[in-house]
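# Structural characterization, general
Residue-level listing of the chains:
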Amino acid sequence: MARVLITGGAGFIGSHLCESFLKRGDHVICMDNGSTGSRENVAAFSSNPHFRFMDHNVSNYVEVDGPLDMVLHFASPASPVDYLEMPIQTLKVGSLGTHNALGLAKDKGAVFLLASTSEVYGDPLVKPQREDYWGNVNPIGPRGVYDEAKRFAEAMTMAYHRSHKLNTRIVRIFNTYGPRMRMKDGRVVPNFITQALKNEPITVYGKGEQTRSFGYIDDLVRGLHRLLEVEHHLPVNLGNPHEMTVLEFAKKIIALTGSKSEIVYQPLPQDDPQVRQPDITKARQLLGWEPQIHVDEGLKRTIEFFKERLAR
Ligand code: UDP
């Protein structure tokens, strides 16, 4: 039985991760300051005696009683809309928050896992993106607050590994979707699904020619557990290589929901990556992992979740 701290544990990915550890019989401490996470995400298991909630901002000094086997650092705004609204908090949680979480892991002799992102590749000039690609990031653009915070977090994690021999992992998470995403977090999946379910116009940014590759949450969580089981300290991509344009994605959502929505075009946000597709060769070879849930199936489950939320 392990004792695990998950920062950002009340967020979309964090809450699924909490649940997966509890299912294995482990003890989970969920740390969250509620800035984009919510107690509702952990309500279903918050009375589990192995679960503890800590209302705390990891960017401030962190103290946790007792031993810890793992520190999983998932706290951060992750939607472009959120990190544009909270630029300084985003930079702080990626830098100070990562430093605090690493220091705690070192103190406790715990394994440390950093939730990094495909955004470290910026607006990539290669496709698909392999882990050895250094990226194309505009440090002073609006998205730089997230991209550079995560790049700093990776550098800090590697420095703790090299200098302090900390047992670290870095996962670069590509677009992930599923139940418990916030309806209004501004990302393409919740936006399109809620617009389609309400028969409101679907807002495609730019011409919709930019591409994304969407991975279902359960596949990601399975990959994270595999990554924790192997000793590998360099970054590993986790995502679904099934790539599509945003316009194709809009049409898919309309078809899956049977919506009467029309598509409208709005300006493309600054520095919006033109392409994004993970090369998952490393995850396949190292972890024996690959996505199992087809996007149509994952989207059906996610649509059901949003339908239920809208009905409330
Ligand atoms: N997007 C869109 N309409 C929306 C929201 C997003 O066309 O209502 C586009 C956005 O410009 C980007 C893609 O969908 O090209 C994915 O955006 P998201 O905010 O989900 O995250 P990103 O992958 O850019 O981090």
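Presented here is a report on the structure given in the accompanying data block.

About the cut-offs
Residues numbered from 1 in each chain as written. Predicted model: local features only at pLDDT ≥ 70, side-chain atom pairs only at ≥ 80, totals over all residues. Heavy atoms only, no water. Near = heavy atom within 4 Å. Polar contact = N/O pair within 3.5 Å; in protein donor to acceptor, adjacent residues only side chain to side chain. Areas by Shrake-Rupley, 256 points an atom, 1.4 Å probe, with all protein chains shown as cover. Nonpolar A, V, L, I, M, F, W, Y, C, P; charged D, E, K, R; others polar. Axes fitted to C-alpha atoms, helices over the stretch in contact; angles between N-to-C directions. Helix = DSSP H or I, 4+ residues; strand = E, 2+ residues; numbered from the N terminus. Parallel < 35°, antiparallel > 145°, perpendicular 65-115°, else oblique. Left-handed = near helix turned anticlockwise from the far one by under 90°. Contact = heavy atoms within 4.5 Å. Salt bridge = Lys/Arg side-chain N within 4 Å of Asp/Glu carboxyl O. Buried < 20%, exposed > 50% of the residue type's maximum accessible area, 1.4 Å probe, protein only.

A word on the site of the ligand. Inspection of the region around the ligand gives 18 residues, with T203, Y205, R212, D272 and R276 positioned closest. Contact between the ligand and T203: a nitrogen atom at 2.6 Å from a main-chain N or O atom of the residue. Across the complex, the protein chains shield 95% of the 510 Å² of accessible surface that the ligand would expose by itself. Here the shell around the ligand is composed, by residue class, of seven nonpolar, five polar and six charged.

This part is about the packing of helix α1 (residues 12-23) against helix α6 (residues 217-229). Any two packed helices are characterised by the angle at which their axes cross and by the distance between the axes. Their axes nearest at 10 Å, the elements α1 and α6 cross at an angle of 60°. Between α1 and α6, the interaxial angle falls into the category oblique. Classified by chirality, the crossing of α6 by α1 is right-handed. Here F12, I13, H16, L17, S20 and F21 of α1 come into contact with α6, specifically with I217, L220, V221, L224, H225 and L228. Classifying every residue of the contact of α1 with α6 gives nine nonpolar, three polar and no charged.

It is the contact of helix α5 (residues 188-197) with helix α9 (residues 295-311), at a shortest axis distance of 10 Å, that shows an interaxial angle of 60°. Regarding the angle of α5 to α9, the classification is oblique. Viewed along their axes, α5 and α9 form a crossing whose handedness is right-handed. Counting all contacts with α5, which are made through V189, P190, I193, T194 and L197, the residues of α9 involved are L299, T302, I303, F306, K307 and L310. For the contact of α5 with α9, the class distribution of residues is eight nonpolar, two polar and one charged.

Let's shift gears to the pattern of salt bridges. Here the structure, examined in full by the defined rule, presents 22 salt bridges. Here R24 and D26 are joined by a salt bridge, their closest N and O atoms 2.9 Å apart. Residue class for R24 comes out partly exposed when judged on its relative accessible area of 45%. Since its relative accessible area comes to 5%, D26 is described here as buried. A salt bridge links D132 to R130; its shortest N-O distance comes to 2.3 Å. A relative accessible area of 44% places R130 in the partly exposed class. Connected through shared salt-bridge partners, E119, R143, R212, D272 and R276 make up one network.

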